[in-house]
Amino acid sequence: MLMKESSSISSKREIKAPIVREYLDQAGENLHKILKESISDFPGSEISVSIDMVTVKIDSVQLAKICEFLKYTEKFGFDYLSCITVVDYEKDQEIFEIIYHLISIRLHHKMAIKVPLPSNDPTVPSVLGVWKSADWFEREAHDLFGIKFEGRENLPPLLLYEGFEGYPGRKSYPFHDYGEW
Amino acid sequence: MQVHQQVSEYSDAIDLMVNMGPQHPSTHGVFRLVIWVDGERIVKVEPHIGYLHRGSEKICESEQYSQIVTLFDRLDYVGNLNNELAFCLAVEKLTETVVPERAEYIRVILCELNRIASHMLFYGVYGLDAGATTPMLYGFRERERVQELFESVTGARMMHNYIRIGGVKEDVPDDFDKNVLILLDHLKRGVDECDRLLSQNEMFLARTKGVGIITGEDALDYGVTGPALRASGVIEDVRVTDPYSIYSRFDFGIPVGSNGDCWDRYYVRVEEMRESIKIVEQAISDIPDGDISAKVRRIIRPPVGEVFVRTESPRGDLGVFLVSDGSDKPYRVKVRPPSFANLQALEYMLKDTYIADAVLVLGSIDIIMGEVDR
Amino acid sequence: MNMPEIVGLFFKASLLLFFILMVVLILTLAERKALARIQQRKGPNRVGFKGILQPFADALKLLTKEDILPASANKQIFWVAPLAVFLPGFLIWVTIPLAKEVVLANLDMGLFYITAISVLSVMGLLMAGWGSANKWAMIGGLRAAGQLISYEIPFIMAILAIGILAQSFNLKEIVDDQARWPFAIKQPLGLFIFLTAGLAELGRTPFDIHHAESEVVGGPFVEYSGAHWSVFYLAEYMNTFTIAVLTVLLFLGGWQSPVLPFSGTVQTVASLSWFLIKTALVIWVIFWIRGTYPRLRIDQLMSFGWKILVPASFINIFLTASVLYYALPHWVITVVSLGFLGATFYFIKKGSLAGNKQDTVTIINSSDIRAQLSNKAEV
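Residues numbered from 1 in each chain as written. Chains lettered and ligands numbered in written order. Predicted model: local features only at pLDDT ≥ 70, side-chain atom pairs only at ≥ 80, totals over all residues. Heavy atoms only, no water.

Asks: Any details on the overall build of chain C? Residues and values, ideally.
Replies: Counting its secondary structure elements, chain C contains 14 helices and one strand. Oriented by its inertia axes, the alpha-carbon framework of chain C measures out at about 105 × 60 × 40 Å. The buried share of chain C, reckoned over its 379 residues, is 49%. Across chain C, contacts joining residues at least 24 apart in sequence account for 76% of those joining residues at least 6 apart. With 28 positive and 21 negative side-chain charges, chain C shows a spacing of 8 Å between the two charge centroids. (Helix = DSSP H or I, 4+ residues; strand = E, 2+ residues; numbered from the N terminus. Buried < 20%, exposed > 50% of the residue type's maximum accessible area, 1.4 Å probe, protein only. Contact = heavy atoms within 4.5 Å. Lys, Arg positive; Asp, Glu negative; His and termini not counted. Charge placed at Lys NZ, Arg CZ, Asp CG, Glu CD.)

Put into structure tokens, the structure is as follows:
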């Protein structure tokens, strides 16, 4: 395994298609297999593999259903929500992408769920009912990116102070020249 | 801010709102806890964080990869080397860099010593929370010894900036092996002494046993990881179940509690110190010669893709999610801080406890605000 | 009372106040040095030779600090509270004998006077807590009031048992009675109760939750600064000295010593120094306890006082009284007390959670888990 050099890089930030390298271990292979079988229940979903993580892309309407399915089904058993991340692809693809990283402590496998949201109205159902650890992660996503979560009450900002205007996590928020003082 | 008015079940008195404000001797950093009490019993708890939010993740998007290591140092400012390791692992996974053996061994030794130093700080501060002033001094004495070794290796006591992408920054000094062995001797005696001082003390037991209980399932549901989860009976340690670096070569034990109360969380950490000493002993006896870093370009441009890496920091499951777009600066860096998720469970743990227990429960989760707020 | 007597009394009282202040200053330095040694460091050693002038530097700093009055505090109560805490503690010293002839006014009801006056300082703490207009201060003040009032009972009962044993409340007679055996040997249970209740009265570790730094940030004293806070500080150390002196007088034989061949003034000086040495030993034990133990929570503190100390003190009185009534030899008290103490400790140890020490945390070997994982992967 040698280090790969990234050759054709443009100085501007273009989002290219990711180079697919799959290094799944045994547990990952098993998970990929059983996911492929069950994923047909959820229309509009795609499975892919990104380095060593099985990824499922799904739209926001089905999110709550698939989360419950993944948590309570025996062979998946994803009882631990590790992280909720928001990536801002607003400029090129006009979406925000929410990524949920799930880990199963019992069965020792992990996966990720990606949900693309339209950037003019990013709304997604909350998974607070499924995993309680989603609470503060969702609040942080709301503070920093402006994602609206259905099904949970609007709470005061977690990381920012009350009355803060703008969403500092987004790429559109200026990095250097915002006049605060 | 909402005002909580609740009728107590005995009379029509309202609950008293007490503010453990951002400046308080035992909130472990700038953290505000608003507590509604009925006499001495806690009725409702509302944590307020964000006082230390520095926008680290956004800063990462405008810095080159090798510059980001210093930012990660300052997230969990007590377990610095573990944070650096997490980020470097993420980039190495993305670029498929092979780290030479010697560098791996040095990384493991330093990270485990850092774990011991972090747990010593927890021990000292926890004793102080309980009211004993002496454990603080004993714990910090051991921690100073470890930091002396770090200073001889990395040049700094705290913000090391030593673990780099591809290996480590420079080779260890010639007397490193000897110093580590002497240090381990001191640490073994130090951990035993600290254990004898506080763990079986009647009053300490009375204050921590049965306080702030959280069951294993609830802990997992809240996303609690690390020693706090292991104290509730769940056997989960990223170094063993999802190994990274060369941890699969070492033989060590995982302390697991059964009650999930404050004492278990405390004692799991004390035992973890002993296990870390074992790991360092095994590593220092096997350390090979060789390079200390892979050949990495100065300006790293990883291929397009995303990667998620989990490591076991002294506080729990530290995750780094990295999205790269092929340029020399990352597109998105997200840190999954263990203290952030552990702190969510504070509300659950403080149900039906006294106000004097709030301090002890908060101390037992062992949070670092730099990591919670980023 | 004619003029010279009043002037003489006034002079003696000022001498006593001066003596107390000197002792308190020495005690502050002694505590810092003792704690430092336990914590493996040196303590203050810059000001003066090995830190001797440190208390004067502290006093100067405190006196020149700004006295802050919170805006919504009740001015009169706020200012009077330190005095209300200090005065009762000082009034006790009127009747405490330091050596054979060194006492301000030897009252026949000495013990009774001491217990009656010392309770008044609780009111001062409540005034401090209420007058500060601060929730933490109020919580701390209420906790302090509850704690001090509860621990008055075993405190007074232990003193009462001594009074029964010595058949007098006069402090000098009590000390003279200990010419052969100090009362500590006759009443070990009484000594234990007195010291523990005394520590709780002082508000010292392990009973210092009402002004704990890490909990209520100073409790009733949080809003005080400068000269007013120094009065509280003074009162605490003066009370520490009082409790130590009372322990020595009532239990450890006062100024009695095995052999004192001197007479006259030399004997007074020798007995005074012997007395101060014994007091210093008791104070060292108090500091030692502070350096080692964590603190108890308020409800555990109260349950310890009411459930363990109060019954023990009643048993102590009952035992002493019955031994004296039936004219039994005094070592019966010793034997039964020691038996009772042993039983108490045994039950505390058994009933407490120290029994199941390490049973809750087990260590699982990583190789087991790895074997488990590889088995699962193969399946």
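Asks: Residue-level account of the overall build of chain A, with values.
Replies: Tallying secondary structure elements over chain A gives four helices and seven strands in all. Starting at the N terminus, the α and β elements of chain A follow one another as α-β-β-α-β-α-β-β-β-α-β. Per-residue burial for chain A yields a buried fraction of 49% across its 181 residues. Here the contacts in chain A between residues at least 6 apart in sequence split such that 53% fall between residues at least 24 apart. Taken as a whole, chain A presents about 9,300 Å² of accessible surface, with 52% of it coming from carbon and sulfur. (Areas by Shrake-Rupley, 256 points an atom, 1.4 Å probe, with all protein chains shown as cover.)

Asks: I'd like to hear about the interface of chain B and chain C, residue by residue, with values.
Replies: Listed as interface residues are 57 residues of chain B and, on the opposing side, 45 residues of chain C. Carbon and sulfur atoms supply 57% of the area buried between chain B and chain C, which totals about 4,300 Å² over both sides. Considering only the side of chain B, the residues that lose the most area to chain C are B:Glu202, B:Met203 and B:Arg207, jointly responsible for 13% of the buried surface there. Counting every contact that joins chain B to chain C gives one salt bridge. The shortest N-O distance in the salt bridge between B:Asp357 and C:Arg297 comes to 2.9 Å. Our count for the contact surface shared by chain B and chain C stands at nine residue pairs in polar contact (both at pLDDT 80 or more). The residue makeup of the side of chain B that touches chain C, split by class, is 32 nonpolar, 14 polar and 11 charged. Note: strand E6 (residues 253-256) of chain B against strand E1 (residues 362-365) of chain C, four bridges, orientation antiparallel. Within the sheet, the bridge partner assigned to B:Pro255 lies in E1(C) and is C:Ile363. (Buried area = accessible area lost by both parts, 1.4 Å probe. Salt bridge = Lys/Arg side-chain N within 4 Å of Asp/Glu carboxyl O. Polar contact = N/O pair within 3.5 Å; in protein donor to acceptor, adjacent residues only side chain to side chain. Nonpolar A, V, L, I, M, F, W, Y, C, P; charged D, E, K, R; others polar. Pairing = 2+ DSSP bridges.)

Asks: Describe the layout of surface pockets, listing the residues and the values that go with them.
Replies: Over the atoms a probe the size of a water molecule is rolled, and this reveals where empty space is left. The volume enclosed by the second largest pocket comes to roughly 1,500 Å³. Forming the walls of the second largest pocket are 46 residues, and the residues nearest its centre are A:Asp25, A:Asp52, A:Lys110, B:Asp242 and B:Pro243. Mapped by element, the contributors of at least two residues to the lining of the second largest pocket are helix H1 (26-38), strand E4 (95-104) and strand E5 (109-118) of chain A, helix H3 (80-95), helix H4 (101-130), helix H10 (238-241) and strand E7 (305-313) of chain B together with helix H14 (366-378) of chain C. Broken down by element, the residue count for the lining of the second largest pocket peaks at six residues, all from H1(A). (1 Å grid on protein atoms, 1.4 Å probe; cavity = no way out; pocket = protein on both sides within 12 Å on 5 of 7 lines; lining within 4 Å. Points joined across faces, edges and corners; volume = space filled by probe spheres on them.)

Asks: Help me get a handle on unusual backbone geometry, residues and values and all.
Replies: Even without glycine at this site, B:Asp366 takes up a positive phi of about 60 degrees. Among the structural elements, B:Asp366 can be located in the loop between helix H14 (355-365) and helix H15 (369-373). Despite not being glycine, C:Gln167 shows a phi value in the positive range, around 60 degrees. Relative to the helices and strands, C:Gln167 resides in the loop between helix H6 (135-166) and helix H7 (171-177).

Asks: How would you sum up empty space enclosed by the protein? Please name residues and give values.
Replies: For the structure shown, the criterion picks out eight cavities of 30 Å³ or more. Estimates place the volume of the second largest cavity at around 80 Å³. A:Ser50, A:Met53, A:His101, B:Glu306 and B:Phe321 are, among the 13 residues lining the second largest cavity, the residues nearest its centre. Among the secondary structure elements, those contributing two or more residues to the lining of the second largest cavity are strand E2 (53-57), E4 and E5 of chain A together with E7 of chain B. In terms of residue class, the lining of the second largest cavity is made up of seven nonpolar, three polar and three charged.

Asks: Please provide a residue-by-residue account of the nonpolar core, values included.
Replies: Membership of the largest hydrophobic core comes to 169 residues, with the highest contact counts inside it found for A:Tyr100 and A:Ile113. Tallying contributions element by element places H4(B) first for this core, with 14 residues. Grouped together as the second largest cluster of nonpolar side chains are 83 residues, C:Ala73, C:Leu202, C:Leu250 and C:Trp255 included. (Core = buried A, V, L, I, M, F, W, Y, C linked by side-chain atoms within 4.5 Å.)

Asks: I'd like a rundown of the interface of chain A and chain B, residues and numbers included.
Replies: Of the residues lining the interface, 57 residues belong to chain A; the matching set on chain B comes to 54 residues. Between chain A and chain B, the buried area comes to about 5,000 Å², and carbon and sulfur atoms account for 57% of it. Viewed at the interface, chain B and chain A are joined by eight salt bridges. The residue A:Lys171 makes a salt bridge to B:Glu61 at a minimum N-O spacing of 3.0 Å. On the surface where chain A and chain B come into contact, there are 18 residue pairs in polar contact (both at pLDDT 80 or more). Secondary structure elements with two or more residues in the side of chain A that touches chain B: strand E3 (80-89), E4, E5 and helix H4 (134-145) of chain A. Looking at which element gives the most residues to the side of chain A that touches chain B, the answer is E3(A), with nine residues.

Asks: Hey, could you go over helix H2 (residues 63-72) of chain A for me, with residue numbers and the actual values?
Replies: By the burial criterion, the buried members of H2(A) are A:Leu63, A:Ile66, A:Cys67, A:Leu70 and A:Lys71. Within H2(A), the buried residues cover an arc of 130 degrees as seen down the axis, which keeps them to one side. Exposed residues lying more than 90 degrees from the buried face of H2(A) are A:Lys65 and A:Tyr72. The inward-facing, buried residues of H2(A) contact H1, E2, E4, E5 and strand E6 (123-125) of chain A together with helix H8 (216-221) of chain B. (Arc of directions from axis to C-beta.)

Asks: I'd like to hear about the sheet that holds strand E9 (residues 332-336) of chain B, residue by residue, with values.
Replies: All names here are of chain B. A sheet is described by the order of its strands in space; here three strands give the open sequence E7-E8-E9, paired in antiparallel fashion. Each edge of the open sheet is held by one strand with a lone partner, namely E7 and E9. Strand-to-strand twist of the sheet, defined as the mean angle between neighbouring strand axes without regard to direction, takes the value 10 degrees. Two strands pair when backbone bridges link them, and E7 and strand E8 (residues 316-324) are joined in this way by nine bridges, in the antiparallel orientation. Along E8, the bridge assignment pairs Ser-313 with Gly-316. Relative to the sheet, H3 contacts E7 and E8, its axis offset from that of E7 by approximately 150 degrees. (Axes fitted to C-alpha atoms, helices over the stretch in contact; angles between N-to-C directions.)

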